[in-house]
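Residue-level structure breakdown
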Amino acid sequence: MHQWPFSWLTTVDVSRDGYRAEALFWYTTLMCVIAFALVTFALVYSSWKYRARPGVKALYTHGTDRKSFAVTGILAALVFVTIDMNLVRVSQADVKEYTYNWPVSPDTVKIEVMPQQWAWNIRYAGPDGIFNTADDVVTLNEMRVPVGRPVMLNLKAKDVIHSFYIPNFRLKHDANPGYVTRTWFQAVQPGNFEIACSQMCGWAHYQMKGDLIVQPEADFKRWMTEAEGDAKRRFDPADKEQLWGWEWVQ
Ligand SMILES: [Cu+2]
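This one's a predicted model, so the numbers in the text were calculated from it and none came from an experiment.

**So, the sheet that holds strand S3 (residues 137–140)**
Hydrogen bonds along the backbone pair up the strands of a sheet, which may run parallel or antiparallel. Read across the open sheet, the 5 strands follow the order S3-S2-S1-S5-S8; overall the sheet is mixed. Only two strands of the sheet have a single neighbouring strand rather than two, namely S3 and strand S8 (181–186). Put simply, the sheet's adjacent strands are angled 25 degrees from each other on average, direction ignored. Across 4 bridges, the pairing between strand S2 (residues 119–124) and S3 is antiparallel. Its bridge partner being in S3, Asn121 is matched across the sheet by Leu140. Of the strands in this sheet, strand S1 (109–116), S2 and S3 touch helix H3 (residues 217–234), which is tilted by about 100 degrees from S3.

Below you can see the structure in the form of structure tokens.
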């Protein structure tokens, strides 16, 4: 976990990979601040330097001469190479090392998430390791994960487009009706964190909140064992609605 100079302005980052988004965000922000300061300075300075004075006429230009074109071109190229290209370079590394680098270790926690207007349905495979069976552990607006283990999500919306957002992990991922999207994260410290929907999905969009509870391994195991017992008791073969899960997409 890295801390950035302005991290106190935002929620605490408790993820293994959140620093990637942080780096892109703060780099972009810093560069915009610098560019804004330079442009403002140039504007104020030029207004003062080329102003009308007694005996001197104000200088006006539309910047259509060769020299102005050259200066503008060089500055634009400089901005493009130092800011945009660098962002592409850094984010390409993130894509390679994180975004599509799906966790493959056997201790990966797999969770299916089906948001709907306006709640989060959460599903674990249960003891058989297969999704959409009677022993699945299903919760509402509550996702529990162990600290220090990769968590992989399969997302699919029930009705409209939603977006799974966990600010403390710098992670946002769309959930669409009709097909499965995937993402993953890993927590580095325990605690209770917010799950929010970051896609305007109807009038109660703002109420669409869930809890992400990150627990020490032993606590998580204890909860899971208990939940698996409950799952068996609660399953009602007559209720077809409850099997809303799908075959896991790795
Ligand atoms: Cu939503």
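**Focus: the coordination of the copper ion**
In the first shell of the copper ion, the protein supplies His162 (ND1), Cys197 (SG), Cys201 (SG) and Met208 (SD), at 2.1 to 2.5 Å from the metal. Taken together, the 4 donor atoms surrounding the copper ion define angles of 96 to 125 degrees at the centre, an arrangement classified as tetrahedral. Donor residues for the copper ion, ordered by position in the chain, follow H-x34-C-x3-C-x6-M. Here Cys201 matches Met208 in class, with each residue buried.

**With respect to unusual backbone geometry**
Most peptide bonds adopt trans geometry, and most residues besides glycine take a negative phi value. With an omega of 0 degrees, the peptide bond between Gln117 and Trp118 qualifies as cis. On the secondary structure map, Trp118 appears in the loop between S1 and S2. You will see that Asn141, though not glycine, has its phi angle at about 55 degrees, which is positive. Here Asn141 shows up in the loop between S3 and strand S4 (142–146).

**Considering the side chain of Arg144**
Mapped onto the elements of the fold, Arg144 is located in strand S4. Looking at Arg144, its side chain comes within polar contact range of the side chain of Glu142, at 2.8 Å.

**Points about the pairing of S2**
Among the 6 residues of S2, 6 are classified as buried, and the element is accordingly described as predominantly covered. Neither face of S2 is left uncovered, since the one carrying Ala119, Asn121 and Arg123 and the one carrying Trp120, Ile122 and Tyr124 both have all their residues buried. Here S1 pairs with S2 via 6 bridges, running antiparallel. Opposite Gln116, over in S2, you have Ala119 as the bridge partner. Linking two consecutive strands that pair antiparallel, namely S1 and S2, is a turn of 2 residues.

**Observations regarding the domain arrangement of the protein**
Domain assignment breaks the protein into domain 1 (12–99) and domain 2 (109–242). Distance between the C-alpha centres of domain 1 and domain 2: 41 Å. Each side of the interface is counted separately: domain 1 has 11 residues, and domain 2 has 11 residues. Of the roughly 1,000 Å² buried between domain 1 and domain 2, counting both surfaces, carbon and sulfur atoms make up 53%. Contact with domain 2 buries area across many residues of domain 1, yet Val14, Arg16 and Tyr98 alone supply 56% of it, more than any other trio. Counting across the domain 1 and domain 2 interface gives 1 salt bridge. Ionic pairing is found between Glu22 and Arg170, a salt bridge with its closest N-O pair at 2.8 Å. Viewed at the interface, domain 2 and domain 1 are joined by 7 residue pairs in polar contact (both at pLDDT 80 or more).

Calculation rules
Residues numbered from 1 in each chain as written. Predicted model: local features only at pLDDT ≥ 70, side-chain atom pairs only at ≥ 80, totals over all residues. Heavy atoms only, no water. Pairing = 2+ DSSP bridges. Helix = DSSP H or I, 4+ residues; strand = E, 2+ residues; numbered from the N terminus. Axes fitted to C-alpha atoms, helices over the stretch in contact; angles between N-to-C directions. Contact = heavy atoms within 4.5 Å. Donors = N, O, S within 2.8 Å, 3.2 Å for Na, K, Ca; no water. Tetrahedral: all angles 85-135°; square planar, octahedral: opposite > 155°, others 65-115°. Buried < 20%, exposed > 50% of the residue type's maximum accessible area, 1.4 Å probe, protein only. Polar contact = N/O pair within 3.5 Å; in protein donor to acceptor, adjacent residues only side chain to side chain. Domains from an automatic or database assignment. Buried area = accessible area lost by both parts, 1.4 Å probe. Salt bridge = Lys/Arg side-chain N within 4 Å of Asp/Glu carboxyl O.

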